[in-house]
Amino acid sequence: MKGLVTCVAYAGGRRIGEVSIPDISEVLKLPDRFVWLGLVEPDEEMLAEIQLERYGDSLFVVLRTAHLDPTTGGIDYGETHLFVGPNYIVSIRHGRSLPYTDVRTRCEASPDLLAKGPGFVLYALMDFIVDQYFPLVDAFEDKLGALEDNIFSQTLTRETTEQIYQLKRELLEVKRAVAPLVDMGNRLVRADLTLIPDAARVYFRDVYDRAIRINEMIDTIRELLTTALEANLSLISVSQNEAMKRLAAWARPSSRSRR
């Protein structure tokens, strides 16, 4: 069926095994077990098939993902929808989001933490998504450094100004993607969500703190780009004025010689 990546049952932090979609409801009836279902771009038939009964509290999280394309160096954006209940978590990837295979592997390698249930899986997924933003910020810092070198080495071109505007637009898009991570991290550290065990809140605090850090780093780079743009325009203006003075100085002797 289109869109299914994997569906696994866990008990006591240990992997029990793969579960077929028709059997999910029966597994959810067993005590101390939860199911982690991973989907990517599911079709309507798949979504209809996986409709789960909701027992007690549930949580729906939408997060934007972003990562550097290693081939083009561009930014690939995606979106992940997370449905979290006391005994299940469903992750649905849309767009060009990275697979969560490594997240599952790391979770299964830490049974003491995985025993905390779907709340810990939610943290692990958010942690992975946040991690992808740091290489993005590093790449922007490198581009800013290159632009500054161009500006202050007197390589004054229209292309430099256009590159600054382009970077500012790209940073704004990244900031919009990070914002939900900040808001959701802040929400999940609060004590009114019974789906998040108290012992797991410290992990969400870490996600929240790192999302704040990324947001602040982006703001700093945007401010530096604004300063770089002003410096570039000022140097261009100075260069033009000097060129005009040279032209004027060249024109004055010529005009006297014609008298």
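Residues numbered from 1 in each chain as written. Predicted model: local features only at pLDDT ≥ 70, side-chain atom pairs only at ≥ 80, totals over all residues. Heavy atoms only, no water.

## Topic: the overall build of the protein chain
To keep it simple, the criterion reads: Counting from the N terminus, the helices are the DSSP runs of H or I reaching at least four residues and the strands are the DSSP runs of E reaching at least two. Here's how the labels work: a residue is buried when its accessible area is under 20% of the maximum for its type, exposed when over 50%, partly exposed in between, all with a 1.4 Å probe on protein chains only. Residues count as neighbours in contact if any of their non-hydrogen atoms are within 4.5 Å of one another. Reported accessibility uses the Shrake-Rupley method at a 1.4 Å probe radius. Residues are deemed covered only where the shown protein chains occlude them.
Helices and strands together make up the secondary structure of the protein chain, namely eight helices and six strands. Written out in order from the N terminus, the α and β elements of the protein chain read β-β-α-β-α-β-β-β-α-α-α-α-α-α. Burial analysis of the protein chain (259 residues in total) assigns 42% to the buried set. Across the protein chain, the fraction of contacts at a sequence separation of at least 24, relative to all contacts at a separation of at least 6, is 70%. A total accessible area of about 13900 Å² is found for the protein chain, and carbon and sulfur atoms account for 52% of it.

## Brief notes about the side chain of aspartate 69
This is how it is decided: Whenever a nitrogen or oxygen atom comes within 3.5 Å of another N or O atom, the pair is scored as a polar contact, on the condition that within protein one atom can donate a hydrogen and the other can accept it, and that pairs from neighbouring residues in sequence are kept only if both atoms are in side chains.
Note that aspartate 69 resides in the loop between strand E4 (59-68) and strand E5 (75-85). Overall, aspartate 69 belongs to the buried group, its relative accessible area being 12%. There is a polar contact of 2.7 Å between the side chain of aspartate 69 and the backbone nitrogen of threonine 71.

## Structural notes on the pairing of strand E3 (residues 33-40)
Convention followed: Between any two strands, pairing holds if DSSP finds at least two bridges.
Of all eight residues making up E3, six are buried, and the element is well covered by its neighbours. Two elements, strand E1 (residues 4-11) and E3, share seven bridges in a ladder whose sense is antiparallel. Considered in E3, the bridge of alanine 11 is made with arginine 33. Inspection of the sheet shows E3 paired to strand E6 (residues 88-95) by six bridges, in the parallel sense. Following the sheet pairing, glycine 38 is matched in E6 by serine 91.

## With respect to the pairing of E1
The element E1 is largely enclosed, with a buried count of six among its eight residues. Strand direction decides the pairing type here: E1 and strand E2 (residues 14-18), joined by four bridges, are antiparallel. Opposite valine 8, over in E2, you have glutamate 18 as the bridge partner. In sequence, E1 turns back onto E2 through a hairpin of two residues, with glycine 12 there showing a positive phi of about 60°.

## Here's the deal with the sheet that holds E4
What counts is decided by this rule: Axes here refer to lines fitted to C-alpha atoms; in helices the fit is confined to the stretch in contact. Angles between the N-to-C directions go from 0 to 180 degrees.
Across the sheet, which stays open at both edges, the six strands sit in the order E2-E1-E3-E6-E5-E4 with mixed pairing between neighbours. Both edges of this open sheet fall to E2 and E4, since each of them pairs with a single strand only. Each adjacent strand pair in this sheet contributes to an overall mean axis angle of 20°, direction not counted.

## Remarks on the pattern of salt bridges
Threshold: Salt bridges are counted wherever a side-chain nitrogen of Lys or Arg sits within 4 Å of a carboxyl oxygen of Asp or Glu.
Applying the stated criterion to the full structure yields eleven salt bridges. With a shortest N-O distance of 3.3 Å, glutamate 26 and lysine 29 are connected by a salt bridge. Exposure remark for glutamate 26: the relative accessible area of 49% places this residue in the partly exposed category. Sharing partners across several salt bridges, the network here consists of Asp127, Asp131, Asp206 and Arg210.

## Considering helix H5 (residues 118-131)
Worth spelling out the cut-off: How far a helix is expected to stretch is found by multiplying one less than its residue total by 1.5 Å.
Over its 14 residues, H5 extends 20 Å from the first C-alpha to the last, a length consistent with the 20 Å expected when each residue adds 1.5 Å. Among the 14 residues that make up H5, 13 are buried, leaving the element largely enclosed by the rest of the structure.

## With respect to helix H3 (residues 101-108)
The line we're drawing: Relevant arc is that of directions from the helix axis to the C-beta atoms, nothing else.
Within the sequence span of H3, burial applies to Val103, Arg104 and Cys107. Projected onto a plane normal to the axis of H3, the buried residues spread over an arc of 100° and lie on a single side. On the buried face of H3, the contacting elements are E1, E2, E3, helix H4 (111-114) and H5.

## Here's the deal with the packing of aromatic side chains
Note the following rule: Whether two aromatic rings pair depends on their centres lying within 6.5 Å, for rings of Phe, Tyr and Trp, where Trp uses its six-membered ring; planes under 30 degrees apart make the pair stacked, over 60 edge-to-face, and the rest tilted.
Applying the stated rule across the entire model yields eight aromatic pairs. An angle of 40° between the planes, with centres 6.5 Å apart, marks the rings of tyrosine 10 and tryptophan 36 as tilted. Placement of the pair is tyrosine 10 in strand E1 and tryptophan 36 in strand E3, with a sequence separation of 26 residues. Both rings, one in tyrosine 123 and one in tyrosine 203, keep their centres 5.2 Å apart while their planes meet at 40°; by these two values the pair is tilted. Taken as a pair, tyrosine 123 in helix H5 and tyrosine 203 in helix H8 (residues 201-257) lie far apart in primary sequence, 80 residues in all. Taken together, Phe120, Tyr123, Tyr203 and Phe204 form an aromatic cluster joined through their ring pairs.

## Topic: the packing of H5 against helix H7 (residues 158-188)
We apply this condition: These descriptions rest on fixed angle ranges, namely under 35 degrees for roughly parallel, over 145 for roughly antiparallel, 65 to 115 for roughly perpendicular, and the rest for oblique. By definition, any crossing whose near helix is turned counterclockwise from its far helix by less than a right angle is left-handed, and any crossing with a clockwise turn is right-handed.
Look at H5 against H7: their axes get within 12 Å of each other, and the N-to-C directions meet at 150°. Relative to H7, the element H5 is oriented roughly antiparallel. When you trace H5 past H7, the crossing you get is left-handed. On the side of H5, the interface is formed by Leu122, Met126, Ile129 and Val130, while H7 contributes Leu181, Met184, Gly185 and Leu188.

As far as function goes, none of this settles anything; it's purely spatial.
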